[in-house]
Amino acid sequence: MKFSEVITLRKVSQEKRPDGTFEASTEDRDVFFNRYRTGLEARLAGAREGLHRMATGQVRSADYRGEQYAVLGGAEMTVQDASDQGEYTVLTLAERLPNG
């Protein structure tokens, strides 16, 4: 299977400093991503949930390590769902609309 694009998977973790405060650290990895088409019904359902710019696609299961975020097309998106299907894992990504 050919992959159509590359996304950046981003893991965010909190590291405790010696003075007791916490600092966020990020670890980015580029992986191949095969985007699926998102139908109108799915986009409308996402908009009702306050989601914007939804995307669904697959990565190799060996490449996905439970990251919470992905950068796709320059926008940081939240991994809403990850479904392991053997060799591939299907990721559902979305960007939340700001409140207000």
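Residues numbered from 1 in each chain as written. Predicted model: local features only at pLDDT ≥ 70, side-chain atom pairs only at ≥ 80, totals over all residues. Heavy atoms only, no water.

J.: Account for the overall build of the protein, naming residues and giving values.
T.: When helices and strands are tallied, the protein shows one helix and six strands. In sequence order, the secondary structure elements of the protein are arranged as β-β-α-β-β-β-β. Considering the protein as a whole, with its 100 residues, one finds that 31% of them fall into the buried category. Across the protein, every contact between residues at least 6 apart in sequence was considered, and the portion connecting residues at least 24 apart equals 56%. A total of about 6800 Å² of accessible surface is found on the protein, and carbon and sulfur atoms cover 47% of it. (Helix = DSSP H or I, 4+ residues; strand = E, 2+ residues; numbered from the N terminus. Buried < 20%, exposed > 50% of the residue type's maximum accessible area, 1.4 Å probe, protein only. Contact = heavy atoms within 4.5 Å. Areas by Shrake-Rupley, 256 points an atom, 1.4 Å probe, with all protein chains shown as cover.)

J.: For the pairing of strand 4 (residues 69-72), give the residues involved together with the corresponding values.
T.: Across three bridges, the pairing between strand 1 (residues 5-16) and strand 4 is antiparallel. Residue pairing for strand 4: R10 is matched across the bridge by Y69. Linking two consecutive strands that pair antiparallel, namely strand 4 and strand 5 (residues 75-85), is a turn of two residues; a positive phi of about 60° is found at G73 within it. (Pairing = 2+ DSSP bridges.)

J.: Give a description of the pattern of salt bridges that names residues and reports values.
T.: Using the criterion set out here, one finds six salt bridges in the structure. One salt bridge in this structure joins R10 and E76, with 2.6 Å as the shortest N-O distance. Taken together, the residues R10 in strand 1 and E76 in strand 5 connect sequence positions 66 residues apart. Residue E76 is classed as partly exposed on the basis of its relative accessible area of 39%. A salt bridge links R29 to E67; its shortest N-O distance comes to 2.6 Å. Placement of R29 in strand 2 (residues 22-36) and of E67 in the loop between strand 3 (51-60) and strand 4 is noted, with a sequence separation of 38 residues between them. Here the two residues R29 and E67 agree in accessibility, since each one is buried. The network of salt bridges with shared partners includes R10, D28 and E76. (Salt bridge = Lys/Arg side-chain N within 4 Å of Asp/Glu carboxyl O.)

J.: For the pairing of strand 2, give the residues involved together with the corresponding values.
T.: Where strand 1 meets strand 2, twelve bridges bridge the pair, whose relative direction is antiparallel. Directly across from T8, in strand 2, lies its bridge partner D30. In textbook terms, the turn of a hairpin is the stretch between consecutive antiparallel strands, and for strand 1 and strand 2 this stretch comprises five residues, one of which, G20, has a positive phi near 95°.

J.: Kindly report on the side chain of R29, identifying the contributing residues and their values.
T.: Exposure remark for R29: the relative accessible area of 16% places this residue in the buried category. In terms of polar contacts, R29 uses its side chain to reach the side chain of E67, at 2.6 Å. Excluding residues that lie within four positions of it along the chain, R29 makes contacts with I7, T8, L9, D63, Y64, R65 and E67. (Polar contact = N/O pair within 3.5 Å; in protein donor to acceptor, adjacent residues only side chain to side chain.)

Read these as geometric descriptors, not functional statements.
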